[in-house]
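# Understanding the architecture of this molecule
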Amino acid sequence: MIEFRNICKTFGETTVVRDLNLTIDRGEFCVLIGSSGSGKSTILKMINRLVEHTTGEIRFADAEIRTIAPEVLRRRIGYAIQSVGLFPHWTVEANIATVPRLLGWAPDRIEARIAELLHLLNLDAERFRKSYPHQLSGGQQQRVGVARALAADPDVLLMDEPFGALDPITRDSLQAEMTRIHAETGKTIVFVTHDIDEALRLASRVVILDNGQVVQAASPRDLLNAPANDFVRAFLGKDDYGLKLLSVETVAERMRPAIEAVGEGAVLPEDNLRLALSRMVALKCDRIAVSTMQGARVGTLFLSDVVR
Amino acid sequence: MTMHMRFAAGIVVFGMLLLALPHSAPLFAALFPALDRPLYQQQSFAALVLAHLGLVAAATVLAMVVGIGAGIFVTRRQGQEFRRLIETLSAMGQTFPPVAVLALAVPVIGFGFWPAFIALALYGVLPIVENTVSGLEGVDPAAKEAAEGIGMTPLQRLGQIELPLAAPIILAGVRTSVTINIGTAAIASTVGAVSLGSPIIIGLNGNNTAYIVQGALLVSGLAIVVDMGFNLLAGQLGRWKVR
Amino acid sequence: MIRNRSLFALSVLLVIGAMALPVLNHAPNRLLSGQPVSLWGLMSPATVGFVLPGLVLISGPFLRQSPRVLIALIGAAGLTLAGLLHIAAVGAEGLAEAASPAARTSFGAGFWVMIVAAALALADLTARAGFGPVIRVVIGFAAVLPVAAMMLSGHLDQMSIMKEHANKADLFRTSLIRHFVIVVAALVPTLVVGVPLGVLAYRRARLGGAILSVLNIIQTVPSIALFGLLMAPLSALAVAVPSLKALGISGIGLAPAVIALTLYSILPIVRNTAEGLAQVPRSVVEAAMGMGMTRAQIFWRVEVPLARAVFLSGLRVTVVQAIGLAAVAALIGAGGLGAIMFQGLFSNALDLVLLGALPIIAIAVVADALFKLLVTLSHRGPA
């Protein structure tokens, strides 16, 4: 879907990105991660030409991006940023409708799309449609920001540290939303963050960057199981490395059939092992029931299987 | 909405003043018995109000076109280099007393409507360009970045996002410009233009206090009503902030 | 390749002024209009050299804008100003020799355009070089020094404006003094009334709002109207209480002028006093209270020094505004430089207009610059 071929970017004397080669496939949730100055935001902005690459070629849906007019390109790509940037003088409705209006959609099509998006982002239409950005909380504003980015149904969604300015609880709920939205819409998402936990939670593929170059690009599981070098290891964190390993595995993969009766507490099959471990420690037991959302018992998870 | 009501009341009061004055000869004769011409009659008061408004409006329109245009130019990438010059010019220019600028127009242009118009327009550009620059600079950078990233053309960004968000500050600049110009236009009859200052200046020259009071009342009323109008406009522009 | 587009624009202006417009206007007497004299016409072996700084200046946009080049160009701009004035003065002297005593030589459009272009170039270059405020004032002073020297030494005496000054030297001096008197006389009650009102407006927000509303209405009223509206009651008062007239308080002259100026000046003082106090961080005041300082000590030792810069900014606006208003006050008989200016307008004596208007502008600009310097220094000084 998006291809970076031998990309370099210099700002005056400084080279920010050097010889970057990266392919992002359709439907991926690709997370670019690195410390400050690693070039991750720059790389993201090269996709929608907010930053022009110095040398090399970037292909978007098999066309060289320089052959597409910048505005046309950007209207095909969703863009959400950390500071959200909602237009303060427009209602939530008007904000979301921005790109559809630019594209000349029919009014009733826009109306329907707004309703659809408010529902997708879990925003109560009654309450929020006619509100102004300053009346919304930070989390609500960012939801509107994501809705606005998705409004014209783009194939690709670019997100530049969108949850960085939010409190942990809101961040957690929005991360869950993104996973759900990605599953429901199947869009290609390119996501920039400096938070490794966020990357491991959301990504189908993590790209670790340092000084404008790719250090390792792999799925969260592969990354944790086979870090390429010490830099990656340090990035993944030494103290809670084991817990991170657990967070990319699900209960369903390690549970046994539901033979015996077990004490209180349960986990869902799709929960990750880290959550399960946390519950078992809190309940002071070495096994826990696995049940679906509806309450049907489907198995048992043993502590010994968790640390296998 | 008391602002609407106040503005309406102001217009009504001013209108009544305008209607009553031509008939107030007996009142002024009683107040100033020594004068044999207690009521200004060289032009009708309505004509003076129109002339005054016309002069200020024409100068303000020109000042807005030039001022807002320059302000936009100087905040774009192509015009960045000129920004310092424009800021220096407008800061310096606003220390010049407006009456001096008015007087200096005469050696250059002569007497009549035109020197007054040019002086008012020149002086009026300054607060407008200053406020346009600061208003556009004050627009939330996140909103500008989002607008660009979403796919608006520079012109769409300017027209739909930047200018509407800068509008309250630009309006404040226009308001300052108009307030000063209404005052300077009142002195414009010293350079040969007709305005509500004409009865005042003629009254001062001929020791006719009645003329002075009539002119002063009308021009003060006009200034206050116009200011109320701007207040109303400012409130309307900032509506989305208040909820 | 143009490396400094704003300087380029100003250079174009400079060249237009030099080539297409007259530097001087020479008329055989006051009543007839003048013959234009171009820069070319004023070139002689004595004056040719003085065009050099101008040539350096217009080559400036094409040079690399290094710090040294900028300093050189600043010098060139200053010398262009002085050189231009000198060429005009020498030219005027030459024309005066060949003509009758009634002949008038005045500055032409080209002269003014070039002066403005060179002055703006000086300001722009100084800003581009990034000098601090003190150095900027020094540069401004250095640019003005040769001009002042030429004026005071009598070098410019053949210019019509200086001839007018010679004719009216006494009137000019008394008008200048009177102008200062009006401004200072208004400043005293303004500060005495305005500062306490400002403190009150800061302490009691609602009352402050009401005070500012009233003052705003006064500010909207055109100055000539306020002067005019004060005349009637004041003259009635003077008639009713003859002792006031003996003191000099009547419907015309100083009394209405000072009263009106005071009324106009109170708003910026009240507003800036209140705003200055409002921007003192609450935490600092609380710390002072915690240390056991009395209300008065906190006010004088903490709030006042921290509010000083904003207050001085308001004082600057007030003084500059007052200088302009005093010019208008001449219309009601208050005297001052405005009287000379209006006399020129009423009798179509354009040099008199310049003789009145230019000093008013100069005083306003200098006052503004001095106050700006004061504000900057008070930011830096011990708080």
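Please refer to the structure placed before this passage.
Structure report, in brief. Just so we're clear, the structure is a prediction, and the values are computed from it rather than from any experiment. Residue numbers here run from 1 along each chain, matching the order of that chain's written sequence. Labels follow written order: the first chain is A, the first ligand is 1, and so on. Local features are withheld for residues below a pLDDT of 70 in this predicted model, meaning they are given only at 70 or higher, and side-chain atom pairs are given and counted only at 80 or more; totals for whole chains, interfaces and linings count all residues. Values shown for side chains rest on all heavy atoms present in the structure; no hydrogens or waters enter the calculation.

### Remarks on the side chain of E303 of chain C
Residues and elements named next belong to chain C. By the secondary structure assignment, E303 is in helix α13 (residues 295-329). Of the side chains with opposite charge, R295 lies nearest to the buried E303, which makes no salt bridge, at 4.0 Å. Apart from the residues within four sequence positions on either side, E303 is in contact with Y202, R203, L277, V280, V285, R295 and I298. Each helix is a run of DSSP H or I of at least 4 residues and each strand a run of E of at least 2, with the numbering of both proceeding from the N terminus. Exposure classes here rest on a 1.4 Å probe applied to the protein chains alone. A residue is buried below 20% of its type maximum, exposed above 50%, and partly exposed in between. None of His or the chain ends enter the tally, which takes Lys and Arg as positive and Asp and Glu as negative. Salt bridges, as used here, are contacts in which a Lys or Arg side-chain nitrogen is within 4 Å of a carboxyl oxygen on Asp or Glu. Only heavy atoms matter for contacts: two residues are in contact if any of them lie within 4.5 Å across the pair.

### Notes on the sheet that holds strand β13 (residues 297-302) of chain A
Residue and element names in this part refer to chain A. Strands pair, by our definition, only if DSSP identifies at least two bridges between them. Within the open sheet, the 3 strands sit side by side as β11-β12-β13. Their pairing is mixed. Edge positions in the sheet fall to β11 (266-267) and β13, since each of these pairs with one other strand and no more. The pairing of strand β12 (residues 287-291) with β13 spans 5 bridges and is classified as antiparallel. Looking across to β13, one finds that S291 is bridged to R297. Sheet strands in contact with helix α14 (residues 273-283) are β11, β12 and β13, and its direction is about 130 degrees off that of β12. Here an axis means a line fitted to C-alpha atoms, over the contact stretch when the element is a helix, while the angle between two N-to-C directions is reported on a 0 to 180 degree scale.

### Considering the sheet that holds strand β4 (residues 55-60) of chain A
Residues and elements named next belong to chain A. On the basis of which strands lie adjacent, the open sheet formed by 4 strands has the order β2-β1-β4-β5 and antiparallel pairing. Taken across any chain shown, the strands that pair with only one partner, and hence form the sheet edges, are β2 (14-24) and β5 (63-64). Across 2 bridges, β4 lies against β5 in antiparallel orientation. Residue pairing in the sheet places F60 in a bridge with A63 of β5. Contacting β1 (2-11), β2 and β4, helix α1 (residues 40-47) crosses the sheet at an angle of about 120 degrees to β1.

### Side note on the interface of chain B and chain A
Taken together, the 20 residues of chain B in the interface contact 23 residues of chain A. Linking chain B with chain A are 1 salt bridge. In this structure, E145 of chain B and K45 of chain A form a salt bridge, with 3.7 Å as the shortest nitrogen-oxygen distance. Identification of polar contacts relies on pairs of N or O atoms within 3.5 Å, with a donor-acceptor requirement for protein atoms, meaning one able to donate a hydrogen and the other able to accept it, and with residues adjacent in sequence counted only if both atoms are side-chain atoms. Seen at the junction of chain B and chain A, the total is 6 residue pairs in polar contact (both at pLDDT 80 or more). For the side of chain B that touches chain A, the secondary-structure elements that each account for two or more residues are α7 (141-150), α8 (154-185) and α11 (239-242) of chain B. The greatest single-element share of the side of chain B that touches chain A, amounting to 8 residues, is contributed by α7 of chain B. Only Asp, Glu, Lys and Arg are considered charged in this grouping, and only Ala, Val, Leu, Ile, Met, Phe, Trp, Tyr, Cys and Pro are considered nonpolar; every other residue, Gly among them, is considered polar. Tallied by class, the residues present in the side of chain B that touches chain A amount to 11 nonpolar, 5 polar and 4 charged.

### Considerations on the packing of aromatic side chains
Two rings from Phe, Tyr or Trp (for Trp, the six-membered ring) form a pair when their centres sit within 6.5 Å of each other. Planes less than 30 degrees apart are called stacked, planes more than 60 degrees apart edge-to-face, and all others tilted. What the rule picks out here adds up to 17 aromatic pairs over all chains. Pairing F29 of chain A with F191 of chain A gives two aromatic rings, centres 5.8 Å apart and planes at 45 degrees, and the pair type is tilted. Of the two residues, F29 of chain A sits in strand β3 (residues 29-33) while F191 of chain A sits in strand β8 (residues 188-193), which places them 162 residues apart along the sequence. Of the two residues, F29 of chain A and F191 of chain A, neither departs from the other in class, the shared state being buried. Both rings, one in Y40 of chain B and one in F45 of chain B, keep their centres 6.4 Å apart while their planes meet at 40 degrees; by these two values the pair is tilted. Assessed through its relative accessible area of 3%, Y40 of chain B is described here as buried. Members of the aromatic cluster, joined through ring pairs, are F29, F163 and F191 of chain A. Should the NZ of a Lys or the CZ of an Arg lie within 6 Å of a ring centre and within 35 degrees of the ring normal, that charge is described as sitting over the ring. Over the face of the ring belonging to F87 of chain A we find R148 of chain A, whose NZ or CZ atom lies 4.7 Å from the ring centre.

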